Amino acid sequence: MAIRSFIPHSTPITFLFLLLSTCPLSVFPFNITHLLSPFPDLSDFTSLLSSTAVAADLADRSSLTLLVVPNSHLRSAVRPSSATLADVLRYHVLLEYLFWSDLRRLPYNGRLVTTLFQTTGRATSNSGSVNITFDADSGDVTVHSETSNATILSLIETIPYNVSIFSLSSLLVPYNLDLMASETRPTLGLNITKALIDGHNFNVAASMLTASGVVTEFESDEGGAGITLFVPTDEGFADLPSSVRFQSLPADKKAMVLRFHVLHSYYPLGSLESIVNPVQPTLATEQNGAGSFTLNISRVNGSVGIDTGIVQASITQTVFDQNPVAIFGVSKVLLPREYFGRNPIEAKKPSDGGGAVAQPPGIALPPGDSPAANGRPSHLSSPPGLEMRSEAGKAIRVLRALLGLWCIGLCCLLL
């Protein structure tokens, strides 16, 4: 005998409402400086994030807690040198989402939380982590490092369950990081072009770096947080498809492609092999906006793989590695998807004759070329500064629409 179950008429409508109202909304990539822009008392810290690669580091992270220091507290603190500033800021980024309720449930002896500084490979042992404690008597939440402590003052912003921003009473300093010593550290003085020529098999790259002038820009960063260069071999340039031609690019875009091959931090090979955050901003990211011109770096088949979204390359050799500069040979030219759309146009062969050094082929831009991150983020009703620029956000919205249609259809069948 068939058993008929009774489903109240209101059930499908209630189910539909719950699905549409509770379906999570993706919030990444997001612009952290835009989230902070409504708070003038945080302007100094926001400016420091923007002037380094740290703001771009955060764009593609789906879960984090940012500890910011208000102007009044930051201006009374010892400012890190330009060489250590980025790592100090990374030390204020916790790699998990924490809300007030999470902080108030901490055990008496606290909990160790990993920071973004730990992912750089420059943190010794657990020095890239902080210990967070909650004092039930005073209600204070304190963040401890081995060299400094600070109290959480207030919750600035939260986007469940992706981003929390808390204000902090003072700047945190990682263990064994001398804020001022590196200010007087002599630069390495490396001639990048010469290092490539001496490494052999990098003549095309050396020629391009010299012709574009960006090599001087790279060498000037040696005294800062350091740089990591991924340099295509001569074979990598020779293997470019005939439809991809560098000579068709204007000089400024050729330079941007070269910047796309450089990370604004020093990463030895071991750090790249164990990198925690695979999505890494490049020097091109800093000039085009968070979330654009990024490289996806991961360990693949025993070596370090680099994925641009349209090209998969691997590190073939270490050309040079001495802090603060690392230069690695890569198997292919790293083509940014922002410049190379679908069906690239075949460019005409340049009429000028070749020189002593073989010239790489040119790259033609697809029609309507524009970096993906050119659009300004827009405020949503809640929370402010939320950016819906990512494909992940679009996919979530489509999924919600499909769920809504499915529930409406179910409702019609059951009513």
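For the structure itself, consult the block above.
Residues numbered from 1 in each chain as written. Predicted model: local features only at pLDDT ≥ 70, side-chain atom pairs only at ≥ 80, totals over all residues. Heavy atoms only, no water.

What follows deals with the environment of isoleucine 132. Along the polypeptide, isoleucine 132 turns up in strand S4 (residues 129–134). Through-space distance from the C-alpha of isoleucine 132 to that of tyrosine 108 is 9.8 Å; in sequence the pair is 24 residues apart. Excluding residues that lie within four positions of it along the chain, isoleucine 132 makes contacts with Leu94, Leu98, Leu103, Leu106, Gly110, Arg111, Val113, Val141, Thr142 and Val143. (Helix = DSSP H or I, 4+ residues; strand = E, 2+ residues; numbered from the N terminus. Contact = heavy atoms within 4.5 Å.)

Another point: the pattern of salt bridges. Following the criterion strictly, the structure yields six salt bridges and no others. Between arginine 111 and glutamate 96 there is a salt bridge whose closest N-O contact spans 3.0 Å. Of this pair, arginine 111 sits in strand S3 (residues 111–114) while glutamate 96 sits in the loop between strand S2 (93–94) and helix H7 (100–103), placing them 15 residues apart in sequence. Residue aspartate 102 is joined to arginine 105 by a salt bridge in which the shortest nitrogen-to-oxygen separation is 3.2 Å. Under the relative-accessibility criterion, aspartate 102 is labelled partly exposed at 24%. (Salt bridge = Lys/Arg side-chain N within 4 Å of Asp/Glu carboxyl O. Buried < 20%, exposed > 50% of the residue type's maximum accessible area, 1.4 Å probe, protein only.)

What follows concerns the nonpolar core. Ranked by size, the top nonpolar core spans 55 residues in total, and within it Ile192, Leu196, Phe218, Phe230 and Ile327 carry the most contacts. Apart from residues lying up to four places away in sequence, phenylalanine 230 is in contact with His261, Leu263, Leu272, Leu295, Ile297, Ile306, Ile315, Phe328, Val330 and Leu334. One finds Val68, Leu89, Val113 and Ile159 within the second-largest nonpolar core, a separate group that totals 46 residues. (Core = buried A, V, L, I, M, F, W, Y, C linked by side-chain atoms within 4.5 Å.)

The subject of this paragraph is unusual backbone geometry. Following proline 160, the chain continues into tyrosine 161 via a peptide bond in cis, with omega recorded as -5°. Within the secondary structure, tyrosine 161 sits in the loop between strand S6 (149–159) and strand S7 (163–168). At histidine 200, a residue that is not glycine, the phi angle is positive and equals roughly 65°. Of note, histidine 200 is situated in the loop between helix H8 (192–199) and helix H9 (203–212).

Per the counting criterion, the structure on display carries six aromatic pairs. Centroid distance tyrosine 97 to tyrosine 161: 5.7 Å. Interplanar angle 80°. Geometry classified as edge-to-face. On the criterion of sequence distance, the pair formed by tyrosine 97 in the loop between S2 and H7 and tyrosine 161 in the loop between S6 and S7 is long-range, its members being 64 residues apart. On the basis of relative accessibility, which here comes to 67%, the residue tyrosine 161 falls in the exposed class. (Phe/Tyr/Trp six-rings, centres within 6.5 Å; stacked < 30°, edge-to-face > 60°.)

Take the pairing of strand S13 (residues 312–322) next. Bridging between strand S12 (residues 303–307) and S13 involves three bridges; their strand directions are antiparallel. In the sheet register, glycine 305 faces S13, and the bridge partner there is serine 314. Here S13 runs beside strand S14 (residues 325–330); their pairing, made up of six bridges, is antiparallel. When the bridges of S14 are listed, aspartate 321 appears paired with alanine 326. Counted between consecutive antiparallel strands, the loop separating S13 from S14 contains two residues. (Pairing = 2+ DSSP bridges.)

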